[in-house]
Amino acid sequence: MNRSTPVATTLKYLALAGYLVFLAFPLFWLISTALKTPQEIALIEPTWIPNNITFDNFRAAFDEQPIVRSILNTLLVAGVSCLVTVVLSIPAAYVMARYRSVLSRMTLVWVLLSQIFPFILVIIPLFLLLRDLGLYDTYIGLIAVYVVWSMPFALWMLRSYVETIPIELEEAASMDGASKVRTLASVIAPLLAPGVVAAGLFAFVSAWNEFLFALVLIRDPELQTLSLTLVKFIGAEGVARLGPLAAASLVATIPSLIFFAFMQRRLTGGLLGGAVKS
Amino acid sequence: MRSIRFVALAAVTGLVLAACGGGDDETGSGDDGGSGGEPVELSFQTLAWQTASVEANEAIVAAWNEANPDIQVELIQGDWNNVHDQLMTSFEGGTAPDVFHYESTVLQDFGDRGNVLDLAEYLSDEIRDDIRAGAWDTATFDEAVYGVPFLQESQVVFANRKLLEAAGVTLPTVDDPWTWDEFADVSAQLTTDGQFGAVVPLNAPANRILNLARNFGGDYFTDLTGEVQAVFDEADQEVPRRIHEMLYTDNSASPDGIGMSSADALPGFFAGQYAMLPGAIWLRQQIIEQAPDGFDWVTLPALEGESSAQGAVSQTLSVSAETEHPEEAVQFIEYFLNAENQVQLAAGDWLLPTSQEAAQSPELNDPATGWDVATATAENLEMAPFQQVKGFEEWKSRIANPAFQEYFSDQISLEDLGAKLVDEGNAVLERYQR
């Protein structure tokens, strides 16, 4: 067994601490800005810790924009998008991994190609399509778009996970009389847990942060998502009301942080589960 | 068993999706035609974003709805950063709001595409007479009026009064503004170690330079409504040359300004690094909100070249060409932009009202907040010639802004700047004339 020297251990922890600071800085700065007065935000030498902590920015943010409603809207849209993406991706990824054919290879290439199209290229046809289907300005339309947009990457990710699962496990299940669906649900799905969580996180975050589709496809103020609400703190010529924007962004970050914390535990659990079975 | 699971999964998925379908899936302009005793419904998209302005919009719409039960207006909040894409898409899809807030620079394009209604035959004499003729020019293309102009900005100079008084500088007045030469002299006088006389924010300078070029009669284009050509004659060169001299010959303007927006320059202005800050009148609101206690500032009048003329565009209210209720939409606009309401809208955004009656209000002439100086600039505003140029937005973003930035960074000469604006610029404009 290799033993680390004290110097190496110290360097390792220093590197980790540095990385942690790097990762945490945006959140720290967001909190700091949200608690500052406009005068302190405009200081030429920024202060790390607010001199005069104020909650006026939170008051302004909540008074001016429906932050809570937007968060709930976004949670609903992102949560359902995540669920549907995962539910549809698992069997599709399984088929692509296990049933090799020209068609599955072509599908894979198409899945990858679909990722290179910029959003703006498809927005008008998509808009017209959803309008004609009666799905413009509805959650279903927006969720459908998010699912379609997230699925290629989720598929690609899950396909790779399926390929790491030994085929012998399925053969054993088959010998025991399990059907394909039963095998997928009882044998493959649990082993896929880390991949499912990773794909779900990707789908959730994509929908949580998305702006352009929401902007074009949602008009009703009651249905607007968080990104549409946050941008209203930025005006003409890019002038931003930094205090309320930081306060609103901070509040908006909390649900996704909770979701991540929850999902991260599942991710770890899934990884360990897979390790034991293999 | 398998089929039961499949049905259950499908049912759950269907229920979840059904639960999400909370939206209104109407795709029209949001009205029922007003038949059968139902009120006419109009959608109005505003771009107001300052707190006071948003509140003014809400209050005006609420007052209208209360006074006009037969014509109900739904207020929709848009945002400046994405409104163009959003409007273009909604025009294509037939879902544009009946009334929308935007700016005069895009109206000709919208008019050419048939997206916006010509209001000429709908407007009353009352509103025609109340709004300044120069403002109407910004929204009138040939004989068509594609919007009602209501807010404009002008350029003034903000100064740290303490620094100017300490240097013995006599402040200019509305009746006796500084010339560009005087401004440069004072800026040089105020420049010391650790302090620049001025900072000129030049992050995206094309609009500002072209508007200020009117001081010297510069218009940067010829044959605006015909086969337009970009030019760069002596009148056009005056403003950029003078700023460049302050940056690199007099060293009286801070080079920090090259990458800055106006708001970016405020921390240095508050800290006394810059004694003067040329900027648009709306910057007063940012100064009032962000300045440290005791910061003594003053709004100085616009600079004078051969004249004090400035190019200006307008914020406008327009009516979608597809609206089913043009008369009602114009009625609402005329109410929304009456003099009393324009005072609230102008005060909320710290911009000039186009209503001559509104401009007389005490609230918009208060010296304590620089309103007296800002309002006085209204008489110098004239239509920015560039807004009639087809292809201007591309000329500005692809050619002019980068070329001006190179010039103000001292990477290219004035001649090189002219070559880029004219040669490369005309190649862009030519595509719009085919």
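Counting starts from 1 at the beginning of each chain's written sequence and moves along it residue by residue. Throughout, the order in which chains and ligands are written sets their labels, letters from A for the former and numbers from 1 for the latter. With the structure being a predicted model, the display of local features is reserved for residues of pLDDT at least 70 and the display and counting of side-chain atom pairs for 80 or more, all residues being used for whole-chain, interface and lining totals. Here the side-chain values reflect all heavy atoms present in the structure, with hydrogen atoms and water set aside.

All names here are of chain A. Patch membership needs two things, relative accessible area over 30% and no salt bridge, and members are linked within 9 Å if like-charged or within 5 Å if nonpolar (Val, Leu, Ile, Met, Phe, Trp, Tyr). Each accessible area is a Shrake-Rupley result for a 1.4 Å probe, and residues are judged covered by the shown protein chains and nothing else. By salt bridge we mean one thing: a side-chain nitrogen of Lys or Arg within 4 Å of a carboxyl oxygen of Asp or Glu. A contiguous nonpolar patch, built from Val109, Trp110, Leu113, Ile116, Phe117, Ile120 and Leu121 and spanning about 710 Å² of accessible area, is present on the exposed surface. Helix and strand assignments follow DSSP, with helices taken as H or I runs no shorter than four residues and strands as E runs no shorter than two, numbered in order from the N terminus. For the nonpolar patch, the secondary-structure elements that each account for two or more residues are helix H5 (102-114) and helix H6 (119-132). Residue position: Trp110 is located in helix H5.

In this section: the sheet that holds strand E7 (residues 155-160) of chain B. Residue and element names in this part refer to chain B. Only when DSSP finds a minimum of two bridges between them are two strands counted as paired. In spatial order, the strands read E8-E11-E7-E12; together these four strands make up an open sheet with mixed pairing. Edge positions in the sheet fall to strand E8 (196-198) and strand E12 (297-300), since each of these pairs with one other strand and no more. For this sheet, the mean inter-axis angle between neighbouring strands, taken without regard to orientation, is 25°. Sheet analysis places E8 next to strand E11 (residues 274-280), joined by two bridges and oriented parallel. If you follow Phe196 over to E11, its bridge partner there is Tyr274. Interaxial angles span 0 to 180 degrees and are taken between N-to-C directions of axes, which are lines fitted to C-alpha atoms, for helices over the stretch in contact.

Quick look at the interface of chain B and chain A now. Every residue pair with non-hydrogen atoms within 4.5 Å of one another is taken to be in contact. In this assembly, 47 residues from chain B lie in contact with 39 residues from chain A. Once two parts are put together, the accessible area they lose, assessed with a 1.4 Å probe and summed over both, is termed the buried area. Buried surface at the junction of chain B and chain A, both sides included, amounts to about 3800 Å², of which 66% is carbon and sulfur. Viewed at the interface, chain A and chain B are joined by zero salt bridges. Nitrogen and oxygen atoms within 3.5 Å of one another constitute a polar contact, given that in protein one can donate a hydrogen and the other can accept it, and given that sequence-neighbouring residues count only through two side-chain atoms. Viewed at the interface, chain A and chain B are joined by four residue pairs in polar contact (both at pLDDT 80 or more). Looking at the side of chain B that touches chain A, the elements that each hand over two or more residues are helix H1 (2-20), strand E2 (71-77), helix H3 (83-93), helix H11 (266-270) and helix H12 (283-290) of chain B. Per-element tally for the side of chain B that touches chain A: the top contributor is H3 of chain B, with six residues.

Residue and element names in this part refer to chain B. You can read the domains of chain B as domain 1 (40-152 + 313-356) and domain 2 (155-311 + 385-430). Centre-to-centre separation of domain 1 and domain 2, based on C-alpha positions: 30 Å. Opposite the 15 residues of domain 1 that make contact, domain 2 presents eleven residues. The junction of domain 1 with domain 2 conceals about 1100 Å² of combined surface from both sides, 54% of it contributed by carbon and sulfur atoms. Together, Thr105, Gln108 and Trp350 form the three largest contributors to the area buried by domain 1 at its contact with domain 2, with a combined 49%. Across the contact surface, domain 1 and domain 2 share one salt bridge. Of the charged contacts in the structure, one is a salt bridge between Asp112 and Lys390, with a shortest N-O distance of 3.4 Å. Counting every contact that joins domain 1 to domain 2 gives five residue pairs in polar contact (both at pLDDT 80 or more). The element that contributes the greatest number of residues to the side of domain 1 that touches domain 2 is helix H6 (residues 133-139), accounting for three residues. Delimitation of the domains relies on an automatic or database domain assignment.

For the rest of this paragraph, the subject is the nonpolar core. Nine residue types can take part in a nonpolar core, namely buried Ala, Val, Leu, Ile, Met, Phe, Trp, Tyr and Cys, and a core is a set of them joined through side-chain atoms within 4.5 Å. When accessible area is computed with a 1.4 Å probe and restricted to protein chains, residues below 20% of their type maximum are described as buried, those above 50% as exposed, and intermediate ones as partly exposed. Tyr102, Phe110, Val148, Phe269, Phe332, Phe336 and Leu337 of chain B are the most contacted members of the largest nonpolar core, which totals 83 residues. Here this core spans two domains, and each of domain 1 (40-152 + 313-356) and domain 2 (155-311 + 385-430) of chain B adds at least three residues to it. Ignoring anything within four residues of it in the chain, the contact list for Tyr102 of chain B reads Leu47, Trp80, Val83, His84, Leu87, Phe110, Ser314, Gln315 and Thr316 of chain B. If you look at the next biggest cluster of nonpolar residues, it comprises 70 residues, including Phe58, Tyr146, Ala207 and Leu230 of chain A.

What follows deals with a negative patch on the surface. When charges are counted, Lys and Arg are positive and Asp and Glu negative, with His and the chain ends excluded. Here the site of a charge means atom NZ of a Lys, CZ of an Arg, CG of an Asp or CD of a Glu. Taken together, the side chains of Asp175, Asp176, Glu182, Asp185 and Asp250 of chain B present a region of like negative charge at the surface. Secondary-structure assignment places Asp185 of chain B in helix H8 (residues 180-190).

Each cavity reported here is a set of points on a 1 Å grid over the protein atoms alone in which a 1.4 Å probe fits but cannot get out, each pocket an open set with protein on both sides within 12 Å along at least five of seven lines, and each lining residue one with an atom within 4 Å of a point. Grid points are joined across faces, edges and corners, and a volume is the space filled by probe spheres set on the points. This structure, assessed with the given rule, holds three cavities of 30 Å³ or more. The wall of the largest cavity is formed by 23 residues, among which Leu215, Ile218 and Gln224 of chain A together with Gln45 and Gln86 of chain B lie closest to the centre. Residue assignment for the lining of the largest cavity shows that the elements contributing at least two residues are helix H11 (212-217) of chain A together with E2 and H3 of chain B. With four residues, H3 of chain B is the single largest residue contributor to the lining of the largest cavity. Amino acids are sorted into nonpolar (Ala, Val, Leu, Ile, Met, Phe, Trp, Tyr, Cys and Pro), charged (Asp, Glu, Lys and Arg) and polar (every other residue, Gly among them). When the residues that make up the lining of the largest cavity are grouped by side-chain class, the tally is eleven nonpolar, nine polar and three charged. By volume, the second largest cavity amounts to about 130 Å³. In terms of lining, the second largest cavity is formed by 15 residues, of which the most central are Gln155, Trp180, Leu212, Pro278 and Leu303 of chain B. Among the elements that make up the lining of the second largest cavity, the one with the highest residue count is E7 of chain B (three residues). Residues belonging to the lining of the second largest cavity are distributed by class as follows: ten nonpolar, four polar and one charged.

Residue and element names in this part refer to chain B. Mapping Arg284 onto the fold places it in helix H12. Despite being buried, Arg284 has no salt bridge partner; Asp372 is the closest side chain of opposite charge, sitting 7.0 Å away. Excluding residues within four positions of it along the chain, Arg284 makes contact with Phe158, Trp297, Thr299, Trp350, Thr369, Gly370, Trp371 and Ala374.

Moving on: the domain arrangement of chain A. All names here are of chain A. According to the domain assignment, chain A contains domain 1 (6-53) and domain 2 (65-272). On a C-alpha basis, the centres of domain 1 and domain 2 stand 31 Å from each other. Counting residues at the interface gives six residues for domain 1, matched by eight residues for domain 2. Interface of domain 1 and domain 2: buried area, both sides summed, is about 540 Å²; carbon and sulfur atoms make up 91% of it. At the boundary of domain 1 with domain 2, the tally comes to zero salt bridges. There are zero residue pairs in polar contact (both at pLDDT 80 or more) connecting domain 1 and domain 2.

Once that is clear, we can look at the UniProt feature "transmembrane region" (unreviewed entry) in chain A. All names here are of chain A. UniProt positions are given in the numbering used here, feature names are shortened, and annotations may be inferred rather than shown by experiment. With numbering aligned to this structure, UniProt lists the feature "transmembrane region" (unreviewed entry) at residues 12-31, 75-96, 108-130, 136-158, 184-208 and 242-262. Split by type, residues 136-158 is 87% helix and 0% strand. Its first and last C-alpha atoms lie 31 Å apart. Taken end to end, residues 184-208 has its terminal C-alpha atoms 29 Å apart, with 96% of it in helix and 0% in strand.

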